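In case you want the letters, here they are:
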Amino acid sequence: MSEQEVDLFVIGAGSGGVRAARVSAQFGAKVAIAEEFRIGGTCVIRGCVPKKLLVYASAYGSGFREAQGYGWSAENISFDWNALIAAKDVEIDRLSGIYRRNLGNAGVAAFEERAELIGDGKVKLVKSGQVFAAKKILIATGGTPRRIGFPGEELSISSNEVFHLETLPKKILIAGGGYIACEFASIFAGLGVETSLVYRRDTVLRGFDDDLRTHIHNELIAHGVRVITHASIKEIAKQDAKKGGGLLVQLDNGQPMVVDQVMMAVGRVAATAGLGLDVAGVKADRSGAIQVDEFGQTNVPGVFAIGDVTDRINLTPVAIREGAAFADSEFGDRRHSFDHKDVASAVFTQPPAGSVGLSEADARAEYGEIDIYKDAFRPMRHTLSGIEERYLMKLVVRASDQVVVGVHLVSDAAPEIIQVAAVAVKAGLTKAQWDETCAVHPTAAEELVLMRQKFQPPVLEDGEAL
Ligand code: NDP
């Protein structure tokens, strides 16, 4: 089979790869893209988008209970998992179709099969055997769930399978304490599943601000999640049907548990296995993440990588911006790279969290003296709902110039608020400028422009701060 020549071959049609391919084609490049699973990638097919739909679904459970405090009554409420999954699948098919059409409209040739590097600037499609000689290759294969390797791990599911469970489990155990573990613990608890979460340290969401972590940890528990800390799964085995069936899980703290499903959410690793990095001479770290400079350039001229496969900030909008910057730089008229500073993110728990900039601990380590403004309170929404849910608003301010360097929120609208707060943090606004901004009343977010008292840590009798 003869080789086809292209200006750019993109491996992986997720958010980053599709953006890079489309923008490059719009600059006049001849572009091909390959995807081994489904066009749209993790975010659209089995990540952010379907997850958010499940988050919406899970919030109705407590929503019906809250509504009673506002005078509503609703009887015979029921939930149908299969109806939700079917509706979700229709929406995901629609979005995947839009991604495919957009590639076609931009003139990108899309191949729905696995591609591998074969060296010398060439890529081979594994099923059809077609070979492409590409002036540039962009690897945007994303990540894949981490496997740990304990006995019976194959009986567990990951975030890949969770969107296609045939039945809603009655009892689930989720392993991990990051984004996915916390979000799915909230989803399942909200859908009425008896949910446990097992995490190897003491407080979930390591890497986030400590107040935010503690707040979310406590809210998970308040929303019915049984959080087991300082423990990991040692073994999973099928339990005899005579004993009731299910999965028998042994934790390394000696505690046995019986559940219907175990979901592993212990991080993701770069999807580079078998990709031919060694053949092409592309350097990766021990976990398989491709090493790149700020422009996505690998150690091999003409080979680039963006998104989760580079394991920098593993978020969809970051991959999209990296993809756009690559296209502008390599095929457009503007060489630039994406600035990874002050990228906001949200954790879609109940209530959700939003965060941008430095945590209190990181700001202290970087700048020494900092001022903290924070408030944890029961929002107006829950005065009548009867729900004991609390919100958190926290500003981290660099003492030397009063610039707000971190914002950390927990509230029903935290993911929406943090998007706008990120503009202010990115712009380097000072606490005084936040304070000059008039409040929007009555909202929870108004607290962000109303906090005037610096937080003073409680002081022991001998004068030492706690
Ligand atoms: P995270 O990196 O967020 O969390 C991984 C969790 O697994 C941590 O709690 C970690 O513990 C734990 N862990 C890692 N290795 C082991 C092990 N060997 N045994 C037990 N526990 C282990 O990964 P996720 O899988 O939750 O999510 C992957 C990425 O996807 C995120 O980093 C995020 O970038 C992205 N994402 C973003 C979302 C959003 O924006 N809302 C939603 C979902 C995912 P420890 O803390 O001790 O390291």
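The model shown is predicted, which means the values in this text are computed figures rather than measured ones. (Residues numbered from 1 in each chain as written. Predicted model: local features only at pLDDT ≥ 70, side-chain atom pairs only at ≥ 80, totals over all residues. Heavy atoms only, no water.)

Undergrad: Would you take a moment to explain the overall build of the protein chain for this structure?
TA: Of the regular secondary structure elements, the protein chain holds 12 helices and 21 strands. Taken against the 2.2 N^0.38 rule, which gives 23 Å for 466 residues, the C-alpha radius of gyration of the protein chain at 24 Å falls within 12% of a compact globule. In terms of principal-axis extent, the alpha carbons of the protein chain reach across some 75 × 70 × 45 Å. Counting across all 466 residues of the protein chain, residues that qualify as buried make up 49%. Taking the intrachain contacts of the protein chain between residues at least 6 apart in sequence as the baseline, contacts between residues at least 24 apart amount to 60%. Accessible area for the protein chain stands at about 22,400 Å²; split by element, carbon and sulfur atoms hold 50% of it. Of the side chains in the protein chain, 50 bear a positive and 60 a negative charge, and the two mean positions are spaced by 4 Å. (Helix = DSSP H or I, 4+ residues; strand = E, 2+ residues; numbered from the N terminus. Rg over C-alpha atoms; globule rule 2.2 N^0.38 Å. Buried < 20%, exposed > 50% of the residue type's maximum accessible area, 1.4 Å probe, protein only. Contact = heavy atoms within 4.5 Å. Areas by Shrake-Rupley, 256 points an atom, 1.4 Å probe, with all protein chains shown as cover. Lys, Arg positive; Asp, Glu negative; His and termini not counted. Charge placed at Lys NZ, Arg CZ, Asp CG, Glu CD.)

Undergrad: Help me understand the nonpolar core in this model?
TA: The tendency in soluble globular proteins is for nonpolar side chains to be buried as a group. Residues I174, F184 and F188 are the most contacted members of the largest nonpolar core, which totals 39 residues. Looking at this core, the elements that each hand over two or more residues are α3 (48-68), α4 (81-105), β8 (171-175), α5 (179-190), α6 (210-222) and β17 (345-347). Ranked by residues supplied to this core, first place goes to α5 with 7 residues. When sequence neighbours within four positions are dropped, the list of residues in contact with I174 reads A181, F184, A185, F188, T195, S196, L197, V198, M263 and A265. Formed by 25 residues, the second largest nonpolar core is a distinct cluster that contains A34, L117, A289 and V303. (Core = buried A, V, L, I, M, F, W, Y, C linked by side-chain atoms within 4.5 Å.)

Undergrad: Can you help me understand the packing of aromatic side chains in this one?
TA: Note on aromatic pairs: each is described by the distance of the centres and the angle between the planes. Considering all chains together, one arrives at 10 aromatic pairs under this definition. Judged by centre distance (6.2 Å) and plane angle (40°), the rings of F184 and F188 are tilted. Residue F184 and its partner F188 are located together in helix α5, separated by 4 residues, close to a single helical turn. Residue placement shows R335 over the ring face of F295; its charged tip is 3.8 Å from the ring centre. (Phe/Tyr/Trp six-rings, centres within 6.5 Å; stacked < 30°, edge-to-face > 60°. Lys NZ or Arg CZ within 6 Å of the ring centre and 35° of its normal.)

Undergrad: Hey, could you run me through unusual backbone geometry in this one?
TA: Excluding glycine, residues mostly have negative phi values, and the peptide bonds linking residues are mostly trans. Here the bond from Q350 into P351 is cis, since omega is -5°, no more than 30 degrees from zero. Its place among the elements puts P351 in the loop between β17 and β18 (353-357). Each neighbour pair has its own omega, and for H441 with P442 the value is -5°, a cis peptide bond. As for its placement among the helices and strands, P442 is situated in the segment after α12 (431-436). Of note in the backbone geometry, D120 takes a positive phi value of approximately 55° without being a glycine. With respect to the helices, strands and loops of the structure, D120 is situated in the loop between β4 (115-119) and β5 (122-125).

Undergrad: Would you explain the pattern of salt bridges in this entry?
TA: Pairing between side chains becomes possible if they bear opposite charge and their charged atoms approach one another. Overall, the coordinates contain 29 salt bridges when judged by the stated rule. The closest approach of N and O atoms between D328 and R334, which form a salt bridge, is 3.8 Å. Here E330 and R335 are joined by a salt bridge, their closest N and O atoms 3.7 Å apart. Overall, R335 belongs to the exposed group, its relative accessible area being 53%. Within the structure, one salt-bridge network assembled from shared partners comprises D209, D211, E360, R364, K374 and K394. (Salt bridge = Lys/Arg side-chain N within 4 Å of Asp/Glu carboxyl O.)

Undergrad: Whenever I open this one, the site of the ligand confuses me. Can you help?
TA: Around the ligand, 20 residues are found, and the nearest of them are Y199, R201, R206, N314 and A346. The backbone of G178 places a nitrogen or oxygen atom 3.2 Å from an oxygen atom of the ligand. A distance of 2.7 Å separates an oxygen atom of the ligand from a polar atom in the side chain of R206. Looking at the shell around the ligand, the element that brings in the most residues is α5, giving 3 residues. (Near = heavy atom within 4 Å. Polar contact = N/O pair within 3.5 Å; in protein donor to acceptor, adjacent residues only side chain to side chain.)

Undergrad: Would you mind showing me how to read the pairing of strand β2 (residues 31-34) here?
TA: Working note: regular strand, side chains alternate between the two faces of the sheet. Burial of the side chains of β2 extends over both faces: V31 and I33 are buried on one face and A32 and A34 on the other. Pairing of strand β1 (residues 4-11) with β2, which is carried by 4 bridges, proceeds in the parallel orientation. Each bridged residue has a counterpart across the sheet, and for V10 the counterpart in β2 is I33. Handedness of the β1-helix α1 (residues 15-26)-β2 crossover: right-handed. Sheet topology places β2 next to strand β3 (residues 109-111); 3 bridges connect them, and they run parallel. (Pairing = 2+ DSSP bridges. Right-handed = clockwise from strand over helix to strand, strands pointing away.)

Shape is all these values report; function is a separate question.
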